[in-house]
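# Coordinates in review
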Amino acid sequence: MVGRARRQPRHLPGRLAVERYVVTLRCRDRPGIVRALSEAVFELKGNIVESQQFFDDRSGTFCLRMTFDSPETDVDAARTELGTRLAAFEPALKVRPIGDRPRVLVMVSRADHCLEDLLYRRRIGELPIDVPLVVSNHDGARGEVERHGIEFEYVPVTPDSKPAAEARLLALIAEHRIDLVVLARYMQVLSDDLCRALDGRAINIHHSFLPGFKGARPYHQAHLRGVKLIGATAHYVTAELDEGPIIEQDVVRVDHHHGPEQLVALGRDVERMVLARAVRLHAEDRVLRNGDRTVVFA
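My aim in this report is to walk through the structure given alongside it, one point at a time. Residue indices follow the written sequence of each chain, beginning from 1 at its first position. Only residues with pLDDT of at least 70 are given local features in this predicted model, and only at 80 or more are side-chain atom pairs given and counted; all residues enter the totals for whole chains, interfaces and linings. No hydrogens and no water enter the side-chain calculation; it runs on all heavy atoms of the structure.

### A few points about a negative patch on the surface
Together, Asp192, Glu240, Glu243 and Asp292 give the surface a local cluster of negative charge. Residue position: Glu243 is located in the loop between β11 (229-236) and β12 (246-253). A 1.4 Å probe rolled over the protein chains alone gives each residue an accessible area, and that area as a share of the maximum for its type sets the label: buried under 20%, exposed over 50%, partly exposed in between. Glu243 sits in the exposed class, given a relative accessible area of 57%. Residues with no salt bridge and a relative accessible area higher than 30% make up the patches, which join like charges within 9 Å and nonpolar side chains (Val, Leu, Ile, Met, Phe, Trp, Tyr) within 5 Å. Accessible surface area values rest on a Shrake-Rupley calculation with a 1.4 Å probe, where residue burial reflects the displayed protein chains alone. When a carboxyl oxygen of Asp or Glu is within 4 Å of a side-chain nitrogen of Lys or Arg, the pair counts as a salt bridge. Charge convention: Lys and Arg are scored as positive, Asp and Glu as negative, and His as well as the terminal groups of each chain are ignored. One atom stands in for each charge, and that atom is NZ of Lys, CZ of Arg, CG of Asp or CD of Glu. Each helix corresponds to a stretch of at least 4 residues labelled H or I by DSSP, and each strand to a stretch of at least 2 residues labelled E; elements are numbered beginning at the N terminus.

### Focus on the nonpolar core
Take the buried residues of types Ala, Val, Leu, Ile, Met, Phe, Trp, Tyr and Cys, join any two whose side-chain atoms come within 4.5 Å, and each joined set is a nonpolar core. Core analysis: the biggest nonpolar cluster contains 33 residues, and Leu118, Val134 and Leu275 have the highest contact counts within it. Within the residue set of this core, elements represented by two or more residues are β6 (103-108), α3 (113-123), β7 (130-136), β9 (180-183), β10 (202-207), β11 and α8 (260-283). Counting residues per element, this core draws most heavily on α8, which supplies eight residues. The contact criterion used throughout is that any non-hydrogen atoms of two residues lie within 4.5 Å. Ignoring anything within four residues of it in the chain, the contact list for Val134 reads Val106, Val108, Leu115, Val145, Ile150, Glu151, Phe152 and Glu153.

### Focus on the state of the cysteines
Between two cysteines, a covalent bond joining their sulfur atoms is known as a disulfide. What counts as a disulfide here is a pair of cysteine sulfur atoms lying within 2.5 Å. Going through the model one piece at a time under the given rule, you end up with zero disulfides. Not engaged in a disulfide, the cysteine Cys27 finds its nearest cysteine sulfur in Cys63; these two sulfurs lie 8.3 Å apart. For Cys27, a relative accessible area of 6% gives the class buried. Left unpaired, Cys195 is separated from the closest cysteine sulfur, that of Cys114, by 19 Å.

### So, the environment of Ile205
By the secondary structure assignment, Ile205 is in strand β10. By relative accessible area, Ile205 is classed as buried at 3%. Distance from Ile205 to Ala88, taken between C-alpha atoms, is 38 Å for residues 117 residues apart in sequence. Here Ile205 is in contact with Cys114, Leu183, Ala184, Arg185, Ala232, Thr233, Ala234, Glu271, Val274 and Leu275, once residues within four sequence places are set aside.

Right, dumping it as structure tokens:
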């Protein structure tokens, strides 16, 4: 099994090797949170590089994303120090060396434009992810995936085989130590049990017509209705179909000159861009779940 890729600690001029950490935190707002976090960084002989904060007065939730450099290159020691200092606030806390890339499983059906875009961006270093595996309910993408040096798994799905197919998917996620599942135009509805098992660890992309134009040929439906904007939404997967917390969206303007096939092409473009942005934001720990919403530190 391939190990998690990680870059080595950096050497700054005139200084010992340092590790850069990303910290995300979400908890009920109380005085002293930032002070406790700053004291932990100080104990780690660290230097804060960037810090972003948000207070949601509707829910009383405090969210933070911070990066800091420290000569402490033992991530467990860094996590212990921050966890101890912040324990009184009972936070949802994550501490990660910035060089640790999440392991992503991409799922696809017949349309492969989002898959191809993710693999290209990953290859040129634009997306800070590792993709050890692609899973599909069709076999058509195998050749292209394997040309990228990535393992391809064909898992067909029928109404009768769906429970076994989802059990196989969960086994692959465990075997490959997957951090994030990306549904790159995977045209199968996941069961409620699987959605719960992947809570916060699965991203989906859909066209922005939902719920207006559900079902087959949505762009043709949109053309008949004379839409003026088309777009896409990337969101976390939940049991409520296409209703999960939104990570990223975008639109393009169209008019009466655009035929159905032009709308389809424009839709593919915006889907690619929106999904890639959402995956990058998640991979860089810039997205914090806050109930049915997200806080996105761009």
